[in-house]
Amino acid sequence: MTIAASTELICFLILGAVVVLGSIGVVLLTNIVYSAFLLGGVFMAVAGLYLLLNASFVAAAQVLVYVGAVNVLILFAIMLVNKKEELKPIKGLQLRKILSGAICLGLLSLLIRVDFTTPWNLPGPKAIGEDATERIGEHLFTDYLLPFELASVLLLMAMIGAIVLARRDVLIQDLDTEKAIDLPIIENGKEPLLIDKTSP
Amino acid sequence: MPETGALFLTNQSMTAPGELLGLALNAGAILPEGIILLAMLGTLLVDLAGQKAAAKWAPPICYIGLGTSLCLLALQWNGPLEPSFLGAFLADNLAVAFRAVIALSTLISLLISWRYAEQSGSPVGEYAAILLAATLGAMLLCGSTDLISVFVSLETLSVASYLLAGYMKRDARSSEAALKYLLVGSAAAAVFLYGASLLYGISGSTNLQEIGVALLTSPTPLAALALVFVLSTVAFKIAAVPFHQWTPDVYEGSPTPVVAFLSVGSKAAGFALAVRLLVGCFGAFDNQWKLLFTVLAVLSMTLGNVVALAQTSMKRMLAYSSIGQAGFVMIGLVCGTEDGYAAMVLYMAAYLFMNLGAFACIILFTIRTGSDRISDYAGLYQKDPLITLGLSLCLLSLGGIPPMLGFFGKIYLFFAGWADQQYLLVVVGLVTSVISIYYYISVIKMMVVKEPHEASEVVKAYPSIQWKTIGMQPLRAALVTCVLVTAVGGILSSPLFQWANSAVAGTPLLQEAIALTGERALG
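Undergrad: Just to check I follow, could you spell out the overall build of chain B for this structure?
TA: Along its length, chain B carries 23 helices and zero strands. A compact globule built from 523 residues should have a C-alpha radius of gyration of about 24 Å, and chain B, at 23 Å, falls within 12% of that. For the C-alpha atoms alone, the extent of chain B along its principal axes is close to 80 × 55 × 40 Å. When each of the 523 residues of chain B is scored for burial, the buried share is 65%. Counted over contacts in chain B with a minimum sequence separation of 6, partners at least 24 positions apart contribute 81%. The positive charge centre, built from 24 side chains, and the negative charge centre, built from 27, are 15 Å apart in chain B.

In structure tokens form, the structure reads like this:
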């Protein structure tokens, strides 16, 4: 084994361990701040895996988007919602945990089994390294033009929707009749519909 | 066998630089969507001028946009079949038919929502814009032939649906519905991405047709896993049991016009996606996905129709009935014959009118009384004959009572299923249809049979009928149109049958699948 190959293997093992242990920690730790920071670590390690695969553009995008934006946003959300609240204990939580754990383990073993029985296209397409950025740009403006343009509509609509949902003011006057909004649609909504009060 | 696997590496990632730039885009295929995008931007712009301007100008902009889009779709019918955007989109007849159903469902949902939105104090301009964005995503989803465009258009539809579900901010149930829909929907999207990444790993391409070819030549166990992942997303979108848990809560909490759109437009997009992915891509796993869909269809028909019996809220009842209706439509998909696909398209179109007609009636009732309870409809025929007549006709049609449109749709589905020897599905469908007739009729009985003194408090205090307020006229127009088509469409349904048949005939994807099934049946 050459030095290059063994260095790559060692890097892969370290990054893989960080990803696996980090994500287990994200799920199992009870302090949400630790979970958020561990998640950042996992994202960084995934970016490292991309670098090992010679996909530097994807690695940079991963760091910018996930660590730079998503993870920071999560931390901000935690900071803003700093409220201690005693949650009601859920009945049969232990049983649920065991059940979901069993399902996840079953899925994992299925994936591992399929992984070993599938004839993969090895060694796969050759990485084009530094040309990747140029090639991605070319694809974005040719065969992936439609999803690329649609993504802008998606982002515009998500932005408008977020503003609409976060905005405090709601209309209190009917535009047409100038009366105060008559609330029966909403007021009646407060009471549970499943209990039928009118029946004897 | 890694050597054979290497052959399937398509040249998509290996093309010489600049080669792709010389090819034609055929962007005209998405002109209808472009018009809808313009209408969406138009509503956003008039919204800047304030609430009053938006309430005045947003409706006509939406009507013009959707109307033009429908006309353009009609022009695309039987058009030349050239893949546009280098294989990301294909406007075959099936796509045109489903896009028309979606655009029409948005148009009717908008017609019935103006008054409701104003009365609940929600801003109208942004509401229309988000609904149009959802339509855009759903329409593009129908014609997408590439995993990436499928995913992006699916997300456009889903994110817009989450926002619409949470649009009534003052109602806690609306926020709850949005949050539930968001969480379950994101999980479904993640599962879809996982399945799509497996498909890309097997075939080396994101084009559905190329993936289909790769799966045919080397079916691996991994592909079966990808099938399950992709299928669960499809089942989530069409709310098939056991992926239906979100449906009743979301339908109950969301504003009613949004529910109307979700139950028709979003579901139609889900079925188009199912055809594209399962028929177009998983042809090699024909037996497997048909078996899975049979199970889903039986469960949906049974659970949807049985649980609907116990509901006391009108919206919740329609939510469960829509789960059952999706089960009926799945029969056509499982058949995989010419008649099966045509019956599926026909029933989707019939379902559009009868379900939206029923929603128009219950929205009108909610606007006038503020109630959603089935027991509050008691004795309504005395006070409001229009709602009583319209709702009765639409519910009878949903149940499949003879002269209505729904009967012919259902009989065609069952006929196609019986001809393809899907006896289990047809028998379950017939039995659950009878169950569904029971709960539809009990609503009608509640409205019609009760004596005046037995009428509910709400009906006794019924306001005088007037149509002068802004938004009431469109609501009435939509209601009357839907009810008319439902009632008369059954007798004059032969153009609809022809339309559904030529939708299937003009779709090479379906023709290939039908030919394949035919060969297998002979061999």
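Undergrad: I keep staring at the nonpolar core and nothing clicks. Help me out?
TA: Residues and elements named next belong to chain B. The biggest cluster of nonpolar side chains holds 204 residues, and the ones touching the most others in it are Phe-98, Phe-282, Phe-293 and Leu-391. The greatest single-element share of this core, amounting to 24 residues, is contributed by helix H15 (residues 338-369). What Phe-293 contacts, discounting residues up to four positions off in sequence, is Leu-231, Val-234, Ile-238, Leu-278, Met-330, Leu-333 and Val-334.

Undergrad: Is there a simple way to explain the side chain of B:Arg276 in this structure?
TA: All names here are of chain B. Relative to the helices and strands, Arg-276 resides in helix H12 (residues 256-281). The buried category is assigned to Arg-276, whose relative accessible area is 4%. A distance of 2.9 Å separates a polar atom in the side chain of Arg-276 from a polar atom in the side chain of Asp-92. Within the structure, Arg-276 has its side chain in polar contact with the backbone oxygen of Cys-142 (distance 3.0 Å). Beyond its immediate stretch of four places on either side in the chain, Arg-276 contacts Leu-90, Asp-92, Ala-95, Cys-142, Gly-143, Ser-144, Thr-145, Leu-208, Cys-281 and Leu-509.

Undergrad: I would appreciate a short explanation of a nonpolar patch on the surface in the present structure.
TA: Among the surface-exposed residues, A:Leu29, A:Ile32, A:Val33, A:Tyr34, A:Phe37 and A:Leu38 lie close enough to one another that they form a single nonpolar patch of about 560 Å² accessible area. Counting through the fold element by element, A:Val33 comes out in helix H2 (residues 32-52).

Undergrad: Even after reading the chapter, I still don't get the packing of helix H4 (residues 93-117) of chain A against helix H10 (residues 221-237) of chain B, so can you show me in this structure?
TA: For any two helices packed against each other, one specifies the inter-axial angle together with the distance between the axes. At a closest axis distance of 8 Å, the pairing of H4(A) and H10(B) adopts a crossing angle of 140°. On the basis of their axis angle, the class for H4(A) and H10(B) is oblique. Seen from H4(A), the contacting residues are A:Leu110, A:Leu111, A:Val114 and A:Thr117; seen from H10(B), they are B:Pro221, B:Leu222 and B:Leu225. Within the contact of H4(A) with H10(B), the residues separate by chemical class into six nonpolar, one polar and no charged.

Undergrad: Mind showing me how you'd approach the pattern of salt bridges here?
TA: Pairing of side chains with opposite charge becomes possible as their charged atoms draw close. Residue and element names in this part refer to chain B. Using the criterion set out here, one finds ten salt bridges over all chains in the structure. The shortest N-O distance in the salt bridge between Glu-118 and Arg-115 comes to 3.5 Å. You can see Glu-118 and its partner Arg-115 sitting in helix H5 (residues 114-119), three residues apart, about one turn around the helix. Take Glu-118 and Arg-115: they sit in the same class, and that class is buried.

Undergrad: Just to check I follow, could you spell out the environment of A:Ile24 for this structure?
TA: Residue and element names in this part refer to chain A. Considering the arrangement of structural elements, one finds Ile-24 in helix H1 (residues 3-28). Among the residues examined, Ile-24 registers a relative accessible area of 44% and is labelled partly exposed. Along the primary structure Ile-24 and Leu-155 are separated by 131 residues, whereas in three dimensions their C-alpha atoms are 32 Å apart.

Undergrad: Can you walk me through the confidence of the model for chain A in this structure?
TA: Low-confidence regions, as indicated by low pLDDT, have predicted coordinates that should not be scrutinised in detail. The predicted model of chain A averages 83 in pLDDT, with 82% of residues at 70 or higher. Confidence drops under pLDDT 50 across residues 187-200 of chain A; counting only partners more than four residues distant or on other chains, this segment forms 24 contacts.

Undergrad: How do you make sense of the packing of aromatic side chains when you look at a structure like this?
TA: Aromatic ring pairs: the centre-centre distance and the angle between the two ring planes describe each pair. Residue and element names in this part refer to chain B. Under the definition given, this model contains 21 aromatic pairs over all chains. Ring geometry for Tyr-181 versus Trp-246: centroids 4.7 Å apart, planes at 10°, classification stacked. In this pair, Tyr-181 is assigned in helix H8 (residues 172-203) and Trp-246 in helix H11 (residues 246-253), connecting sequence segments 65 residues apart. Note on accessibility: Tyr-181 and Trp-246 belong to one class, buried. Aromatic ring contacts, followed pair by pair, group Tyr-162, Tyr-181, Phe-236, Trp-246 and Tyr-251 into a single cluster. Positioned above the aromatic ring of Trp-467 is the side chain of Arg-368, whose terminal nitrogen or guanidinium carbon lies 4.9 Å from the ring centre.

Undergrad: I would appreciate a short explanation of the environment of B:Lys267 in the present structure.
TA: Residues and elements named next belong to chain B. Mapped onto the fold, Lys-267 is located in helix H12. Residue Lys-267 is classed as buried on the basis of its relative accessible area of 2%. In this structure the C-alpha to C-alpha distance between Lys-267 and Leu-110, which are 157 residues apart in sequence, comes to 17 Å. Once residues within four sequence positions are removed from consideration, Lys-267 is found in contact with Ile-238, Ala-239, Tyr-251, Leu-262, Ser-322, Ile-323, Ala-326 and Met-348. Here Ser-322 takes part through its backbone oxygen, which lies 3.1 Å from a polar atom of the side chain of Lys-267.

Undergrad: Just checking my understanding: could you explain the state of the cysteines for this structure?
TA: Here a disulfide denotes one covalent bond, and it connects the sulfur atoms of two cysteines. Taken as a whole and judged by the stated rule, the model has zero disulfides over all chains. B:Cys281 carries a free sulfur, and the closest cysteine sulfur to it, the one in B:Cys142, is 17 Å from it.

Undergrad: For this particular structure, what's the right way to read the packing of H1(A) against H2(A)?
TA: Residue and element names in this part refer to chain A. Direction vectors running N to C along H1 and H2 enclose 155°, while the axes themselves pass 8 Å from each other. What the angle tells us is that H1 and H2 run roughly antiparallel. Remark: the crossing between H1 and H2 carries left-handed chirality. On the side of H1, the interface is formed by Glu-8, Cys-11, Phe-12, Leu-15, Val-18, Val-19, Gly-22, Ser-23, Gly-25 and Val-26, while H2 contributes Ser-35, Leu-38, Leu-39, Gly-41, Val-42, Ala-45, Val-46, Gly-48, Leu-49 and Leu-52. Here the contact of H1 with H2 is built from residues that sort into 13 nonpolar, six polar and one charged.

Undergrad: What exactly am I supposed to notice about helix H22 (residues 494-505) of chain B here?
TA: Think of an α-helix as 3.6 residues a turn; residues three or four steps apart then line up on the same face. Taking 1.5 Å per residue as the helical rise, H22(B) with its twelve residues ought to reach 16 Å, and the 16 Å between its terminal C-alpha atoms agrees with that figure. For H22(B), the elements touching its buried residues are helix H4 (93-111), H15, helix H18 (405-419) and helix H23 (508-522) of chain B.

Procedures and definitions
- Residues numbered from 1 in each chain as written.
- Chains lettered and ligands numbered in written order.
- Predicted model: local features only at pLDDT ≥ 70, side-chain atom pairs only at ≥ 80, totals over all residues.
- Heavy atoms only, no water.
- Helix = DSSP H or I, 4+ residues; strand = E, 2+ residues; numbered from the N terminus.
- Rg over C-alpha atoms; globule rule 2.2 N^0.38 Å.
- Buried < 20%, exposed > 50% of the residue type's maximum accessible area, 1.4 Å probe, protein only.
- Contact = heavy atoms within 4.5 Å.
- Lys, Arg positive; Asp, Glu negative; His and termini not counted.
- Charge placed at Lys NZ, Arg CZ, Asp CG, Glu CD.
- Core = buried A, V, L, I, M, F, W, Y, C linked by side-chain atoms within 4.5 Å.
- Polar contact = N/O pair within 3.5 Å; in protein donor to acceptor, adjacent residues only side chain to side chain.
- Patch = residues over 30% accessible without salt bridge, like charges linked within 9 Å, V, L, I, M, F, W, Y side chains within 5 Å.
- Areas by Shrake-Rupley, 256 points an atom, 1.4 Å probe, with all protein chains shown as cover.
- Salt bridge = Lys/Arg side-chain N within 4 Å of Asp/Glu carboxyl O.
- Axes fitted to C-alpha atoms, helices over the stretch in contact; angles between N-to-C directions.
- Parallel < 35°, antiparallel > 145°, perpendicular 65-115°, else oblique.
- Nonpolar A, V, L, I, M, F, W, Y, C, P; charged D, E, K, R; others polar.
- pLDDT = per-residue confidence, 0-100.
- Phe/Tyr/Trp six-rings, centres within 6.5 Å; stacked < 30°, edge-to-face > 60°.
- Lys NZ or Arg CZ within 6 Å of the ring centre and 35° of its normal.
- Disulfide = S-S within 2.5 Å.
- Left-handed = near helix turned anticlockwise from the far one by under 90°.
- Expected span 1.5 Å × (residues − 1).

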